[in-house]
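# Residue-level structural notes
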Amino acid sequence: EQLERLIEGQIEQEKTLKKAELRALQAQITPHFVYNTLETIIWLAEEENTRAVVDVTMAFTDFLRISLSGGQDFISVEKEEQHVRSYLLIQSVRYGSIMRYTIDIDPALADKRMLKLMLQPLVENAIYHGLKYKETKGNLDIRGYRRGNRVCLVVADDGAGMEESELEHILEKKEKKTKSNGVGVYNVQKRLQLYYGAEYGISYISRKGEGTVATVTIPLDGGKSNEETGR
């Protein structure tokens, strides 16, 4: 009976994980983002900006390929960085007037494996809920470093920031759909804790009018392959 309960519990957990992964894909590859990207490519083509058309199209292709990753749950930190670079290249064509960005992830982490699709929702939140509401051009900084036996991935902006009351509910599921999709950050947190445990996940620091810092922590050796995890 105990074995049967354990098996049933494992099956339910697997279902929950797969549903969470599907929601992560849906949150990133939204029709809104696809339409905007295609419209941007068309606009660039009409302007006869051939180089930009090629760059944005290649970035969009890379973004989709890494998002899907052949059904794998884990990718390298290097691939995760490439994924968010592709996203930012596309968005910088549309929002270059409101932001500048830097990416500085320790090269020593490149081969470490991690749960995929972690950074892009946090970057999207920073753009749509932080930098878009800043009166002057804002800064978005993405960093990655090792701290002991953990990997820390940081998304920091100097945008609108949040009140304490907003910050308290940032990791809760939002039912109302917005252009940046309210389930994005909630889903990242849920997936992180389902795979790695409650001691890992996202932490936020924010001040109204000063900006927001989101930090993802994962175990250094936490990027097991699908075969190792039985998934």
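Preceding this section is the structure that the text describes.
Residues numbered from 1 in each chain as written. Predicted model: local features only at pLDDT ≥ 70, side-chain atom pairs only at ≥ 80, totals over all residues. Heavy atoms only, no water.

### So, the packing of helix H2 (residues 31-46) against helix H4 (residues 77-95)
Our working definition: Axes, fitted as lines to C-alpha atoms, cover a helix only where it is in contact. Angles between the N-to-C directions of the axes lie from 0 to 180 degrees. Helix and strand labels come from DSSP, where a helix needs a run of H or I of at least four residues and a strand needs a run of E of at least two; each type is numbered from the N terminus. Any angle that is under 35 degrees is reported as roughly parallel, and any over 145 degrees as roughly antiparallel; angles of 65 to 115 degrees are reported as roughly perpendicular and all others as oblique. Take the far helix as your reference; a near helix turned counterclockwise from it by less than a right angle gives a left-handed crossing, and one turned clockwise gives a right-handed crossing. Whether two residues touch is decided by their heavy atoms; if any such pair falls within 4.5 Å, the residues are in contact.
Between H2 and H4, the shortest axis-to-axis distance is 10 Å and the interhelical angle comes to 60 degrees. If you check the angle between H2 and H4, you find them oblique. As for how H2 packs across H4, the hand of that crossing is left-handed. Listed contacts from H4 to Phe33, Asn36, Thr37, Thr40, Trp43 and Leu44 of H2 are Tyr87, Ile90, Gln91, Val93 and Arg94.

### Comments concerning the packing of H4 against helix H5 (residues 119-129)
Rules: Under the grouping applied here, Gly and all other residues not named as nonpolar or charged are polar, the nonpolar ones being Ala, Val, Leu, Ile, Met, Phe, Trp, Tyr, Cys and Pro and the charged ones Asp, Glu, Lys and Arg.
One can describe the packing of H4 onto H5 by two numbers: an axis separation of 9 Å at closest approach and a directional angle of 25 degrees. The angle between H4 and H5 falls in the class roughly parallel. Our pair here, H4 against H5, has a crossing hand that is right-handed. On H5, the residues that touch Glu80, His83, Val84, Tyr87, Leu88, Gln91, Arg94 and Tyr95 of H4 are Leu119, Gln120, Val123, Glu124, Ile127 and Tyr128. Within the contact of H4 with H5, the residues separate by chemical class into 8 nonpolar, 3 polar and 3 charged.

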